[in-house]
Amino acid sequence: MADKTPSPEPGSRKNYGVQIAYRTLSVRADEKQTTSSKSPRDPADAVSSIDVHLLSVEEVYTRYSSHPTVGLELAAVRRKERDGKNTISPPPTVYWKKGLNYIFGGFNFLMWIAFILTILSYKPLGPPLPFVLGVAVLLILVIIVSATFYALVDWNASRIMKSIKSLIAHEATVIRDGKPQIIQAADIVVGDIAVLSAGDRVPADMRVVQASSDLRFDRSLLTGESEMVPGSLDATSDNALETRNLALTSTFVVQGTCHGVVFATGDRTVMGRLVKMSGETKFKLTTIQKEVWFFTKIISCLALFFFCLSILLYGVWLRTTYPGYDTASTAIVNSIGCLTAFVPQGLPICVALSLTVVARRMAKRQVLVKNLATIETLGCMSVLCSDKTGTLTAGKMMVENIAFLDDVFSVEEINERVAKASDPTVFAAFKALHQIARLCNGAKFDATTNHLPVQDRTIKGDPTDTALLRFSEALSIPELGVETSALQKSSEKKFEIPFNSRNKWMLSVVTETSIVEEKNVESTWMLVKGAPDVLFPSCSSVVQSDGTVVALTSRARQAFATLQEDWSSRGQRVLVLCRKPIQEFKTGLAPNDVEDLMYSEMCDLTLVGLVGICDPPRPDVLPSIAVIRRAGVRVFMVTGDFKLTAIAIARQVGIITQHAVDTIQDVRAAASEKVAPKDYYLIKPSDDDPIRSLVLTGEDVASLTSFDWNVIVGSYTEIVFARTTPDQKMRIVEEIKARGDNTVAVTGDGVNDAPALKAADIGVAMGSGSDVAKEAAALILLKNDFASIPVAIEMGRLVFDNLKKVTLYLMPAGSYSEFIAVLTNVLMGMQLPMNSYQQVCYCITNDVIMSISLMYEQPEWDLMQRKPRNARTDRLTDWRLFFHVYLFYGLMLWPCAMGMWFLYMRQQGLGFYDVILTFSSWGDGWKGFSIDQLTEFVYVGESIYYVTVAIGQYGTLLSVRNRRVSILQSNPLWGPRRNLLVLVGMTGTVLICIVNLYGAGFQRVFYMRPIPGMFWGLPFAFALGILLVDETRKAIVRKYPKSFIAWLAW
């Protein structure tokens, strides 16, 4: 850190005297704030009045009663907590807008049209018949029930999402009572000194008071600009939003470290005030909702077209050619069937329900889904690019091996070998190695856990630094003067360049004080640790195990390189520890000048030793990747680690399965032979192509041409990208997305993964990852459970699959069988075989209650063995679905219902031609029957048609539950595909029919009638027939998967 104030003893009188003086000033400042807060202020004025960035660092400490090393005292914290929690209130919800969306959204607007026309048909267009009024009442009930259901589902989904989001514990490191402590970000108070490092979310508005030279912020959430903003100690602008010495809430530290004094929390932060000014958040449709809305528009247009056509035919043709056949009122009420017939009322309900079901299932897995559209997109995933450390591996790194020029140690044997040595000084190099591991380290222990054993303490830092910190803390060799407490007392850190993924090293400058001949002697060291292949060229000498320094010869370099390859091939991360004495360190220079000076000193380093760090793969990764690959998803590794380490881990987790692994040379050779296809969406491996593996380094990626990328994306199933920078990771994602219609998911947990997570179609972050990664991701695995990814893929596919089944189930009866009833009435001159009440009632009760059961269907056995859905070409409704609706299921259902209508009329003595084309002839005396008798025949016939459609849909329901599998292997009563809601839906639809037919009120108002027993039994036979025909179709598809029938299958 630059300009770091030395830490005095927490109990010294000097410290507490300063604190008391600050506290007095703080009380006055608080009193001033309280007084001014009584009058409401415009948020924009409050932001423009911020002046803390214009104060000096000392003035900042004074204003907020804090101290650079002690921070706040406990008493000051307790007093300031009265100002409230550090949380931003959500924008207010405009409930009347939501209410209007519930009431008029979806298909409800068609219901409103039908309701208004029905009221007009009741009065003044026609005689006030109870039937017409009953239909109007039913329609308004449908609107009320639908709106209420949408509201309940929306409320439930929001409640579940809030409960999941509450699982994320946003933490912050602050200095209180002279000790760094990790607390909940909501508990931060004004005056706290917050300690931020790369990857951290800024928990409150802060004035930067200490900063590393490479400090960079990501302010994209606040400004919309993605470029990194440098941090500084001094104001660079009078505008608080533009100056670089403020760290504002919800921005991120993407590079470097800093300390800041909190000057605003919660709603008083800049972000809090902007949220207050912005008002309500905008509603966005998910992918599935867009599909359904598109389908809704098509269906609505068709419904309105046929309704208008029906009214037009009445007005232009029927009214003049066959006077008395229909009145204006009757024509409108009958034509309302066109509006209701085409409305699959169950579809919007099932969409809303599916989102709730998904949210609940995700909550059980402790997976945070920021937007439910993510789940739908996961169903389309075709490529998964995964980081290695902390994602594929456990992220619990441990130092396993230590190597000097002339000796190699495992960690377990260090103390034993030193103890057995006759002269412990033969291992004197451990003192220098311990110094670098402990002092050139960005991780820190949480002071509240220091009483615990080293392995159980909480550490704030990245996994590599954490491993070195635990190792150095536990390493104790008194014979050699290797003792952490003594090292910390005698050393002071003067400057630091934190590790970043571009340099791939970390640098610290420390001053060490030692006693020589009863005098304090100071020596300054530049300590460096990082990637061997990066730092080896900067080394000119090497330490042997006894502490002597010799020249680093080419033979020694080769020995270290061989050792690195050996450890890397076993999956270990290898670091080299180096140091260099510095004659004089100028403390008065600006941080950037010091940084430039240190870069110039990065030569003639002394190589102290190599450290091998193991990070075992997560136990759930290997089986999860196997499932993901069976689902047709290619899994690539994109890491900043060494090539051999990356390949070793990739083999252990199943990303690389081939013995031979191609390199950049093989890609270039193939690229020179192939001609790029005209369309990028065609660039993908064929099913017949062999599995090929490839490894590329960041250096290779930087040199790739468009033709090379065509070969990589179009020919390889297994790829490892090693030693990549964040920019290269992002480029990899973008190049893959641009080819083969790929939907790309990226998993990661570090700061270096954030650009790729943002660029991906789906970003997946680990719960233990950095705040930057979690903000960039759309999905967060709170339990770091990699096995949740294949589950999420399956859920995404299942939601889409089930909605397709719902659509396929609803259309044959609704938009086909009911519409045919209206069509025969208007064009064929036949009495309406299914009246308006029955059509409306069927659409909003019988159909809905059975379609809901489909949303709870379990995945089919081959769901995770199918190819990923192409988001561009595979729509919810396509020509295959409409073929099955109108030329398969529907073509079986409506003739059965119409046949039952004619069969009943035949039993009453009316033949086919006595019923059809009768128009206005149907009246008193027709075929010897009175008008009362004919009317009664129609009432019974309508009830038969209604029951036949309702029960006949049993066959469709059982058929669409599976695409290819027989019902014998997936029945709804037992086994893996058990779904008792199917039985509930079937029972419910029969009960609705019984209530309608035998309820006295329904008979009186809606002209429902009991039907003969045979007309209850035959529809079950028809349903069985539909099921058997579909079973035959599925058998052909299974037996001949490349046949014409299989090609037609939905």
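Residues numbered from 1 in each chain as written. Predicted model: local features only at pLDDT ≥ 70, side-chain atom pairs only at ≥ 80, totals over all residues. Heavy atoms only, no water.

### A short note on the pairing of strand β27 (residues 744-748)
Part 1 of the reasoning: In terms of burial, β27 is largely enclosed, as five of its five residues are buried.
Part 2 of the reasoning: Covered by surrounding structure in β27 are V744, V746 and G748 together with A745 and T747, the residues of both alternating faces.
Part 3 of the reasoning: The sheet contact formed by strand β11 (residues 383-386) and β27 spans four bridges and is parallel. Paired with C385 across the bridge in β27 is V746.
Part 4 of the reasoning: Direction of pairing for β27 relative to strand β28 (residues 762-766): parallel, over a ladder of four bridges. Across the sheet, G748 pairs through a bridge with A765, a residue of β28.
Part 5 of the reasoning: The handedness of the β27 to β28 crossover, carried by helix α28 (residues 754-759), is right-handed. (Buried < 20%, exposed > 50% of the residue type's maximum accessible area, 1.4 Å probe, protein only. Helix = DSSP H or I, 4+ residues; strand = E, 2+ residues; numbered from the N terminus. Pairing = 2+ DSSP bridges. Right-handed = clockwise from strand over helix to strand, strands pointing away.)

### Remarks on the packing of aromatic side chains
Part 1 of the reasoning: Taken as a whole, this structure holds 32 aromatic pairs when the rule is applied.
Part 2 of the reasoning: Plain terms: the ring middles of F882 and Y886 are 6.2 Å apart, the flat faces sit at 5 degrees to each other, and that makes the pair stacked. Of this pair, F882 and Y886 both sit in helix α32 (residues 879-907), four residues apart, which is roughly one turn of the helix.
Part 3 of the reasoning: Among the residues examined, F882 registers a relative accessible area of 29% and is labelled partly exposed.
Part 4 of the reasoning: By relative accessible area, Y886 is classed as partly exposed at 22%.
Part 5 of the reasoning: A network of ring pairs unites the aromatic residues F131, Y837, Y939, F1002, F1006 and Y1007 as a single cluster.
Part 6 of the reasoning: A cation sits over an aromatic face here: R869 above F800, 3.7 Å from the ring centre.
Part 7 of the reasoning: Just above the ring of W926 sits the side chain of K927; from NZ or CZ to the centre is 5.1 Å. (Phe/Tyr/Trp six-rings, centres within 6.5 Å; stacked < 30°, edge-to-face > 60°. Lys NZ or Arg CZ within 6 Å of the ring centre and 35° of its normal.)

### Comments concerning the pattern of salt bridges
Part 1 of the reasoning: Under the definition given, this model contains 43 salt bridges.
Part 2 of the reasoning: E413 serves as the salt-bridge partner of R417, at 3.6 Å between the closest nitrogen and oxygen.
Part 3 of the reasoning: Here E860 ties to K805 by a salt bridge, and the two come within 2.9 Å at their closest N and O atoms. Of this pair, E860 sits in the loop between α31 (836-854) and α32 while K805 sits in helix α30 (residues 788-827), and the two are 55 residues apart along the sequence.
Part 4 of the reasoning: Residue E860 is classed as buried on the basis of its relative accessible area of 3%. (Salt bridge = Lys/Arg side-chain N within 4 Å of Asp/Glu carboxyl O.)

### Re unusual backbone geometry
Part 1 of the reasoning: Residues other than glycine seldom take positive phi values, yet D177 does so here, at roughly 55 degrees.
Part 2 of the reasoning: Positive phi outside glycine occurs at K504, with the angle close to 65 degrees.
Part 3 of the reasoning: Relative to the helices and strands, K504 is located in the loop between β16 (491-497) and β17 (505-516).

### Section: the nonpolar core
Part 1 of the reasoning: One finds I375, M381, L384, F786, I789, W901 and Y946 to be the most contacted residues of the largest nonpolar core, which totals 147 residues.
Part 2 of the reasoning: When residues in this core are grouped by element, the largest group, 19 residues, is from α30.
Part 3 of the reasoning: The two domains that each donate at least three residues to this core are domain 2 (102-156 + 287-360 + 799-858 + 879-1049) and domain 3 (367-393 + 618-784). (Core = buried A, V, L, I, M, F, W, Y, C linked by side-chain atoms within 4.5 Å. Domains from an automatic or database assignment.)

### So, the sheet that holds strand β26 (residues 718-722)
Part 1 of the reasoning: Read from one edge to the other, the open sheet built from nine strands follows the order β10-β29-β28-β27-β11-β23-β26-β25-β24, with strand pairing classed as mixed. Across the chains shown, the open sheet's two edge strands, defined by having one partner strand only, are β10 (367-369) and β24 (661-662).
Part 2 of the reasoning: As defined by bridge partners, β24 adjoins strand β25 (residues 693-697) across two bridges and the pair is classed as parallel. Within the sheet, the bridge partner assigned to D662 lies in β25 and is L694.
Part 3 of the reasoning: Across the sheet, helix α23 (residues 643-653) is in contact with β23 (634-638), β24, β25 and β26; its angle to β26 comes to roughly 145 degrees. (Contact = heavy atoms within 4.5 Å. Axes fitted to C-alpha atoms, helices over the stretch in contact; angles between N-to-C directions.)

### Brief notes about the side chain of T243
Part 1 of the reasoning: For T243, the location among the structural elements is in the loop between β6 (228-230) and β7 (246-247).
Part 2 of the reasoning: Relative accessible area serves as the criterion here: at 0%, T243 is assigned to the buried category.
Part 3 of the reasoning: One polar contact links T243 to N245, side chain to side chain, over a distance of 2.8 Å.
Part 4 of the reasoning: Ignoring sequence-local partners within four residues, the contact set of T243 consists of H53, R219, A235, T236 and S237. (Polar contact = N/O pair within 3.5 Å; in protein donor to acceptor, adjacent residues only side chain to side chain.)

### As for the domain arrangement of the protein
Part 1 of the reasoning: Domain boundaries in the protein define domain 1 (43-86 + 188-278), domain 2 (102-156 + 287-360 + 799-858 + 879-1049), domain 3 (367-393 + 618-784) and domain 4 (398-614).
Part 2 of the reasoning: Placing the centre of domain 1 and that of domain 4 at their C-alpha centroids yields a distance of 33 Å.
Part 3 of the reasoning: Each side of the interface is counted separately: domain 1 has eight residues, and domain 4 has ten residues.
Part 4 of the reasoning: Summed over both sides, the interface between domain 1 and domain 4 buries roughly 710 Å², with carbon and sulfur atoms accounting for 50% of that surface. (Buried area = accessible area lost by both parts, 1.4 Å probe.)

### Topic: the packing of α31 against helix α34 (residues 931-960)
Part 1 of the reasoning: Put simply, α31 and α34 touch, their axes get as near as 11 Å, and they point 20 degrees apart. One finds that α31 runs roughly parallel with respect to α34. Of the two possible hands of crossing, α31 and α34 adopt the one that is right-handed. Contact residues: Q838, C841, Y842, N846, D847, M850, S853 and L854 in α31; E942, S943, Y946, V949, A950, Q953, Y954, L957 and V960 in α34.
Part 2 of the reasoning: Its residues assigned to classes, the contact of α31 with α34 comprises ten nonpolar, five polar and two charged. (Parallel < 35°, antiparallel > 145°, perpendicular 65-115°, else oblique. Left-handed = near helix turned anticlockwise from the far one by under 90°. Nonpolar A, V, L, I, M, F, W, Y, C, P; charged D, E, K, R; others polar.)

### Some points on the UniProt feature "transmembrane region" (unreviewed entry) in the protein
Part 1 of the reasoning: Feature annotation in UniProt assigns "transmembrane region" (unreviewed entry) to the following positions: residues 102-122, 128-153, 292-317, 332-358, 881-904, 943-960, 980-999 and 1011-1029.
Part 2 of the reasoning: Helix makes up 100% of residues 943-960 and strand 0%, and the two end C-alpha atoms of the span are 26 Å apart. (UniProt positions renumbered as here; feature names shortened; annotations may be inferred.)

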